[in-house]
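# Summary of the model geometry
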Amino acid sequence: MQSSPTPSPAHSRRSVLTGLGLAAATPLALGITTRPERPSAPAAPAGPDVPAGPTVLLRGASLVLTMDPTLGSGTLGALESADVLMRGGTIAAVGTGLRPPPGARVVDVSGKLVMPGFVDTHTHLWQAVIRGGCTDGDLFGWFTRCTDPQRGRLTPQALHSFVRLAALDAVQSGVTSLVDWVDIFSYDLIESYVRALAATGVRFTYAMFPSESDPTLVAKVKKELLDPVPLADFQVATHAARAVQHLNHAHWEAAQDLGVMLNSHVLERPEQRADDPIGVLTDIGALGPRLLINHAIHLTDDEIAAVAAHDVRAAHCPLSNMRLASGIMRLTEFGRRGVKVGLGLDGGTNDSSDFHALMKTAIGLQRARATQAQVFPQVHDVLRMATLGGAEALGIADRTGSLTPGKRADVVVVDPAALNFAPRFDWVGQTVFNARPENVEAVFVDGRPLKFDGRLVGVDTQRVVREAETAATRLRAAG
Ligand SMILES: [Zn+2]
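Structure report, in brief. Please read these numbers as outputs of a predicted model, since none were measured by experiment. (Residues numbered from 1 in each chain as written. Predicted model: local features only at pLDDT ≥ 70, side-chain atom pairs only at ≥ 80, totals over all residues. Heavy atoms only, no water.)

## Remarks on the packing of aromatic side chains
- Going through the model one piece at a time under the given rule, you end up with seven aromatic pairs.
- Measuring from centroid to centroid gives 6.2 Å for W126 and F185, while their planes differ by 80 degrees, and the two rings are edge-to-face. With W126 in the loop between β6 (118-123) and α2 (139-151) and F185 in the loop between β7 (175-182) and α4 (187-200), this pair connects stretches of sequence that are 59 residues apart.
- Measuring from ring centre to ring centre gives 5.9 Å for W142 and F143, while their planes differ by 45 degrees; the resulting arrangement is tilted.
- A residue is classified by how much of its surface remains accessible, and F143, at 29% relative accessible area, is partly exposed.
- Cation over ring: K220 sits above Y187, and NZ or CZ is 4.9 Å from the ring centre.
- A cation over a ring is seen here: R424 above W427, with NZ or CZ 4.0 Å from the ring centre. (Phe/Tyr/Trp six-rings, centres within 6.5 Å; stacked < 30°, edge-to-face > 60°. Helix = DSSP H or I, 4+ residues; strand = E, 2+ residues; numbered from the N terminus. Buried < 20%, exposed > 50% of the residue type's maximum accessible area, 1.4 Å probe, protein only. Lys NZ or Arg CZ within 6 Å of the ring centre and 35° of its normal.)

Below you can see the structure in the form of structure tokens.
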């Protein structure tokens with residue numbers, strides 16, 4: 001990445017950490033209620049020279065949901081009055097009465113809830129530019145009137161502002177990993193996109209739609225732009241349909257050559273039955289654990305059975321599906337058959353990065369459909385789906401999704417002492433039905449604090465908003 005579309009001073013991650021008060025020369029005790037000093041410039045992209053995350057002991061959490069049944073009680077591996085130790089970017093230990101290693105920063109999280117960060121399995125961050133737009137459009141109307149006109153006018157700098165804005169919004173909501181399915185963009189736009197994502201410090205997967213005119217670009221982008229970023233993964237994006245089966249086949253071959261997943265939108269609208277996407281994906285040999293299908297709403301019983309039998313992964317995007325009148329995914333059926341399903345915010349269509357609302361909706365839609373409260377998913381199911389389940393769907397559960405020692409430290413701290421959350425009755429239920437992004441007090445990715453004391457670390461939020469506002473105004477004026 002040779003150039004920055006944003007003319008900002010290049011602060012290294014080390015200087016950001018120093019500004020945070022988490023570098024070596026700082027006091028040992030760092031209360032989570034103490035606001036750290038924040039530099040005004042955005043953080044630089046995480047690179048190979050970035051130091052490992054600081055050693056931090058989150059001490060005395062009232063509840064820790066590890067998502068690992070071997071660590072605590074129930075399917076969520078719950079622990080009362082427990083500590084989480086992060087060291088060198090990993091979860092070093094989880095338990096009660098952990099002793100802080102020499103040099104560790106001790107953060108008092110008594111009265112708080114600690115859990116893994118959310119895994120957003122499907123989004124399009126650049127679409128922040130059309131938030132709240134085309135409110136009476138279905139998927140096709142929204143494409144025609146909102147998405148397509150804006151996409152054609154994007155400049156690297158504008159794209160950078162929208163991706164940065166939306167990625168930071170996701171982080172402040174507790175998202176620590178995300179998959180961005182990205183349209184066909186030129187190299188300079190892709191570079192800008194990746195740079196914006198890398199600078200946020202979030203763990204991300206760039207799912208790239210290959211260019212038909214330059215089939216070599218996909219390998220070049222992976223090698224030059226994604227491989228150097230430690231927190232980045234890569235997928236090949238496609239849109240399965242009979243009319244473009246030759247392209248779908250080429251995309252699947254590219255994914256296999258690169259050793260990455262193929263990521264396709266599938267049957268989001270009933271009209272897309274004519275495209276026969278599951279038939280196409282079957283014919284090109286892509287059905288398997290290396291395939292992620294998004295939305296997957298209008299599948300037949302046989303198609304769901306085939307998806308389950310081949311261990312195909314799925315991303316469920318209930319807020320987007322409601323907004324665009326797309327339908328209701330048969331999530332209960334997917335769950336019954338054991339399909340690995342994660343949750344997705346789906347970019348601009350849901351106008352929000354609120355993962356708590358996403359979980360609530362995933363439950364609510366199935367209940368409304370079945371007129372029964374006991375159907376899958378229940379609160380523990382969506383909490384798992386939002387974290388470890390999403391990581392399993394993406395094949396990254398060896399790294400993230402639970403607080404299992406040895407995994408990367410992607411952790412959120414939630415403060416339930418809020419008007420919308422208290423009093424304690426059942427915090428697991430309250431995390432799904434009551435919590436909101438503003439209750440997310442701290443977010444760590446790879447052990448690094450991206451949000452602390454309720455604020456993004458090292459981010460001038462007003463500036464991020466201002467830049468996105470200016471870029472959006474310019475884009476509209478160009479239309
Ligand atoms: Zn999508």
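The discussion continues.
## Considerations on the layout of surface pockets
- There is about 350 Å³ of room inside the largest pocket.
- Around the largest pocket sit 20 residues that line it, and F143, R151, W181, D183 and H265 are the ones nearest its centre.
- By residue number, the principal contributor to the lining of the largest pocket is α2, which donates six residues.
- Among the residues forming the lining of the largest pocket, the class breakdown is six nonpolar, nine polar and five charged. (1 Å grid on protein atoms, 1.4 Å probe; cavity = no way out; pocket = protein on both sides within 12 Å on 5 of 7 lines; lining within 4 Å. Points joined across faces, edges and corners; volume = space filled by probe spheres on them. Nonpolar A, V, L, I, M, F, W, Y, C, P; charged D, E, K, R; others polar.)

## What about the pattern of salt bridges?
- As enumerated under the stated definition, the model contains 28 salt bridges in all.
- With its nearest N and O atoms 3.1 Å apart, the salt bridge here joins D136 to R145.
- Overall, the relative accessible area of 64% leaves D136 in the exposed class.
- Across the salt bridge formed by D410 and R203, the nearest N and O atoms sit 2.7 Å from each other. Of this pair, D410 sits in the loop between α12 (379-394) and β14 (411-414) while R203 is found in strand β8 (residues 203-208), placing the two residues 207 residues apart along the sequence. Exposure class is identical for D410 and R203. Each is buried.
- Where salt bridges share partners, they join R203, R408, D410, D446 and R448 into one cluster. (Salt bridge = Lys/Arg side-chain N within 4 Å of Asp/Glu carboxyl O.)

## Re the nonpolar core
- Grouped together as the largest cluster of nonpolar side chains are 115 residues, with contacts concentrated most on L65, F185, Y193, F204, Y206, L281 and F334.
- Counting residues per element, this core draws most heavily on helix α3 (residues 156-172), at ten residues.
- When near neighbours in sequence (up to four residues on either side) are disregarded, L65 contacts L76, G77, A78, L113, V114, M115, P116, L383, L403 and V428.
- One finds V56, V411, V413 and F452 within the second-largest nonpolar core, a separate group that totals 21 residues. (Core = buried A, V, L, I, M, F, W, Y, C linked by side-chain atoms within 4.5 Å. Contact = heavy atoms within 4.5 Å.)

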